[in-house]
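What follows is the residue order along each chain.
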6 protein chains.
Amino acid sequence: MPFVSIRITREGVTAEQKAQVIKEVTDTLERVLHKPPEWTHIVIEEVDTDNWGFGGRTTTAIRKEQAG
Amino acid sequence: MPFVSIRITREGVTAEQKAQVIKEVTDTLERVLHKPPEWTHIVIEEVDTDNWGFGGRTTTAIRKEQAG
Amino acid sequence: MPFVSIRITREGVTAEQKAQVIKEVTDTLERVLHKPPEWTHIVIEEVDTDNWGFGGRTTTAIRKEQAG
Amino acid sequence: MPFVSIRITREGVTAEQKAQVIKEVTDTLERVLHKPPEWTHIVIEEVDTDNWGFGGRTTTAIRKEQAG
Amino acid sequence: MPFVSIRITREGVTAEQKAQVIKEVTDTLERVLHKPPEWTHIVIEEVDTDNWGFGGRTTTAIRKEQAG
Amino acid sequence: MPFVSIRITREGVTAEQKAQVIKEVTDTLERVLHKPPEWTHIVIEEVDTDNWGFGGRTTTAIRKEQAG
């Protein structure tokens, strides 16, 4: 019965990458914890960079500095 | 003080359906757990089908197979 | 594929009450949103009253005032 | 290692307000709990008013009544 | 900046299994999404079987039937 | 209607510290976002160090290395 929530910043992850993450994490939970894949739900929650703070600043500000 | 998060795939649920779910779950928590409705918050979080994995595949892939 | 998280304070809810909440919320999601019960996962997360804040105070403090 | 999720209704909060909330909550966790800011992640999750229920009704309905 | 929450039932998962899950999921997010491991936080949240509902029943009830 | 979840490792935070965090975060949301305190719920979720992974390792392993 695992439920997995993966929160990441919304920065251009493709549908193929999402499908690969879902496949690999489901495999890990089956192999390591013996959880049947048909009971494993995984949700990828993409968060705007204005809405994700890290070290006291938004990711928008961090990305600008990195680009600068 | 209940807080309820309901995650579903984003597949055309109407505002009327959402209001009905909110009403019924609030009623259940009041009747069974004696929680005052004015303390009950319920959030419906809709997730794109590319972002919800189930049985190791995205819901997008599952829906295609079901339609096929 | 619904996943429901219900957070409540840990204040003596019984196993019977939990089972009833799970049954009713699953029914609501089936009846209103047409979600198959075998895809619906519901988690009840009990939180110590020291750890739940409301109106700027902990529930422990609120309960003391109500009892006083 | 704190991770903070702040769910609010989507009602016009600005990027400046978000940055200020992120800064202040990171400061609180550093000052009160001694958590290093570079380990603190904060996510602001905005929820449509149709999707947030309170007292058994959607926030959309509550706002209409308040405006009425 | 990923934050991953993995909810499972509390049914005897060992510290070694948890460490292995954390290692593999961090690896997946680095390899597939290019997320630096030092930004990836993973939380495993174990839920009592009385508190996890599936198909309208608690996992406690499901386990009893499976054992019976 | 804010709902705030603060996940931290379970490493001896006191009830007084929790009450202070709840007070300050509620104040921030009132001052910056104009949210009435009586609508703000805050939950502090403490996670065992075996269950929190960071940089691919559990916090238990990280703490041992720091202590060593």
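Residues numbered from 1 in each chain as written. Chains lettered and ligands numbered in written order. Predicted model: local features only at pLDDT ≥ 70, side-chain atom pairs only at ≥ 80, totals over all residues. Heavy atoms only, no water.

S.K.: What should I look at first to understand the interface of chain C and chain A in this one?
M.R.: How large an interface is tends to be reported as the accessible area lost when its parts come together. Listed by partner, the interface residues are 4 residues for chain C and 4 residues for chain A. Carbon and sulfur atoms make up 78% of the area that chain C and chain A hide from each other, which totals about 360 Å². Considering only the surface of chain C that becomes buried against chain A, C:Met1, C:Phe3 and C:His41 emerge as the three largest contributors, covering 93% of it. One can count 0 salt bridges joining chain C with chain A. Our count for the chain C to chain A interface comes out at 0 residue pairs in polar contact (both at pLDDT 80 or more). Classifying every residue of the side of chain C that touches chain A by side-chain character gives 3 nonpolar, 1 polar and no charged. (Contact = heavy atoms within 4.5 Å. Buried area = accessible area lost by both parts, 1.4 Å probe. Salt bridge = Lys/Arg side-chain N within 4 Å of Asp/Glu carboxyl O. Polar contact = N/O pair within 3.5 Å; in protein donor to acceptor, adjacent residues only side chain to side chain. Nonpolar A, V, L, I, M, F, W, Y, C, P; charged D, E, K, R; others polar.)

S.K.: Is there a simple way to think about the packing of helix H1 (residues 15-33) of chain A against helix H1 (residues 15-33) of chain E in this case?
M.R.: When two helices pack together, their arrangement is given by the angle between the helix axes and the distance between those axes. Where H1(A) meets H1(E), the closest approach of the two axes is 10 Å, and the angle between their N-to-C directions is 165 degrees. As the angle between them shows, H1(A) and H1(E) are arranged roughly antiparallel. Crossing of H1(A) over H1(E) shows right-handed handedness. Counted together, A:Gln17, A:Gln20, A:Val21, A:Glu24, A:Val25, A:Thr28, A:Leu29, A:Arg31, A:Val32 and A:Leu33 of H1(A) and E:Gln17, E:Gln20, E:Val21, E:Glu24, E:Val25, E:Thr28, E:Leu29, E:Arg31, E:Val32 and E:Leu33 of H1(E) form the full contact between these two elements. When grouped by side-chain class, the residues that make up the contact of H1(A) with H1(E) number 10 nonpolar, 6 polar and 4 charged. (Axes fitted to C-alpha atoms, helices over the stretch in contact; angles between N-to-C directions. Helix = DSSP H or I, 4+ residues; strand = E, 2+ residues; numbered from the N terminus. Parallel < 35°, antiparallel > 145°, perpendicular 65-115°, else oblique. Left-handed = near helix turned anticlockwise from the far one by under 90°.)

S.K.: Just to check I follow, could you spell out the pairing of strand S2 (residues 41-47) of chain B for this structure?
M.R.: Strand residues, when the strand is regular, have side chains that alternate between the two faces of the sheet. Taken across its 7 residues, S2(B) has 7 buried, putting it largely inside the fold. For strand S1 (residues 3-9) of chain B and S2(B), the ladder comprises 7 bridges, and the chain directions are parallel. Bridging across to S2(B), B:Thr9 finds its partner in B:Val47. At this point the chain moves from S1(B), through helix H1 (residues 15-33) of chain B, to the parallel S2(B), and the crossover so formed is right-handed. Examined bridge by bridge, S2(B) and strand S3 (residues 52-54) of chain D share 3 bridges and lie antiparallel to one another. (Buried < 20%, exposed > 50% of the residue type's maximum accessible area, 1.4 Å probe, protein only. Pairing = 2+ DSSP bridges. Right-handed = clockwise from strand over helix to strand, strands pointing away.)

S.K.: What is the right way to read the relation of the copies chain C and chain A from this model?
M.R.: Think of it as a corkscrew move, a rotation about one axis and a shift along it, taking one chain copy to the other. Take chain C, turn it by 180 degrees, move it 0.0 Å along the axis, and it overlays chain A with an RMSD of 0.0 Å. Look at the turn and shift together and you get a two-fold axis relating the two. Interface residue correspondence from chain C to chain A reaches 100%, placing this contact among same-surface, isologous pairings. (Least-squares fit on C-alpha atoms with pLDDT ≥ 70 in both.)

S.K.: Is there a simple way to explain the relation of the copies chain D and chain F in this structure?
M.R.: With an RMSD of 0.0 Å, the fit of chain D onto chain F corresponds to turning through 180 degrees and sliding 0.0 Å along the axis. Most of the interface of chain D is mirrored in chain F: 100% of its interface residues are interface residues there too.

S.K.: Looking at this model, I keep getting lost on the pattern of salt bridges. Mind explaining?
M.R.: In a structure, side chains of opposite charge can pair up when their charged atoms sit close to one another. Counted by the stated rule, this structure contains 42 salt bridges over all chains. One salt bridge in this structure joins B:Glu11 and B:Arg63, with 2.6 Å as the shortest N-O distance. Pair noted here: B:Glu11 is in the loop between S1 and H1 and B:Arg63 is in helix H2 (residues 59-67), with a separation of 52 residues, a long-range link. Taking the shortest distance from any N to any O, the salt bridge between C:Arg10 and C:Asp48 comes out at 2.8 Å. Of this pair, C:Arg10 sits in the loop between strand S1 (3-9) and helix H1 (15-33) while C:Asp48 sits in the loop between strand S2 (41-47) and strand S3 (52-54), placing them 38 residues apart in sequence. A residue is classified by how much of its surface remains accessible, and C:Asp48, at 38% relative accessible area, is partly exposed.

S.K.: What should I look at first to understand the sheet that holds strand S4 (residues 57-58) of chain E in this one?
M.R.: Within a sheet, adjacent strands bond to each other through the backbone by hydrogen bonds, running parallel or antiparallel. With respect to topology, 8 strands assemble into an open sheet ordered S4(D)-S3(D)-S2(B)-S1(B)-S1(C)-S2(C)-S3(E)-S4(E), the strand pairing being mixed. Because the sheet does not close on itself, it has two edges, and the strands there are strand S4 (57-58) of chain D together with S4 of chain E. Lying over the sheet, H1(B) contacts S1 and S2 of chain B, S1 of chain C together with S3 and S4 of chain D, oriented at roughly 140 degrees with respect to S2(B).

S.K.: How should I be thinking about the UniProt feature "active site" (unreviewed entry) in chain A in this particular structure?
M.R.: Mapped onto the present numbering, the UniProt feature "active site" (unreviewed entry) falls on A:Pro2. With respect to the helices and strands, the residue A:Pro2 is situated in the segment before strand S1 (3-9). Sequence-distant contacts of A:Pro2, defined by excluding residues within four places in its chain, comprise A:Leu29, A:Lys35, A:Trp39, A:Thr40, A:His41, E:Arg7, E:Ile8 and E:Trp52. (UniProt positions renumbered as here; feature names shortened; annotations may be inferred.)

S.K.: I would appreciate a short explanation of the packing of aromatic side chains in the present structure.
M.R.: Working definition: an aromatic ring pair is given by the centre-to-centre distance plus the angle between the planes. By the definition in use, this model includes 15 aromatic pairs over all chains. Where D:Phe3 meets E:Phe3, the ring centres are 3.7 Å apart and the plane angle is 0 degrees; that geometry is what we call stacked. Taken as a pair, D:Phe3 in strand S1 (residues 3-9) and E:Phe3 in strand S1 (residues 3-9) lie in two separate chains rather than in one. For E:Phe3, a relative accessible area of 1% gives the class buried. In textbook terms, an aromatic cluster arises when at least three aromatic residues are bridged by ring pairs, as seen for A:Phe3, B:Trp52, C:Phe3 and E:Trp52. (Phe/Tyr/Trp six-rings, centres within 6.5 Å; stacked < 30°, edge-to-face > 60°.)

S.K.: What should I look at first to understand the environment of F:Thr60 in this one?
M.R.: Residue and element names in this part refer to chain F. Mapped onto the elements, Thr60 comes out in helix H2 (residues 59-67). When the C-alpha positions of Thr60 and Asp48 are compared, they lie 8.6 Å apart, and in sequence the two are 12 residues distant. With sequence-adjacent residues up to four places away left out, Thr60 is seen in contact with Thr49 and Asp50.

S.K.: I would appreciate a short explanation of the interface of chain D and chain F in the present structure.
M.R.: Counting residues at the interface gives 29 residues for chain D, matched by 30 residues for chain F. Contact between chain D and chain F buries roughly 2,600 Å² in total, counting both sides, with carbon and sulfur atoms accounting for 68%. Here chain D and chain F share 2 salt bridges between them. With a shortest N-O distance of 2.9 Å, F:Glu24 and D:Arg31 are connected by a salt bridge. Scanning the region where chain D abuts chain F turns up 9 residue pairs in polar contact (both at pLDDT 80 or more).

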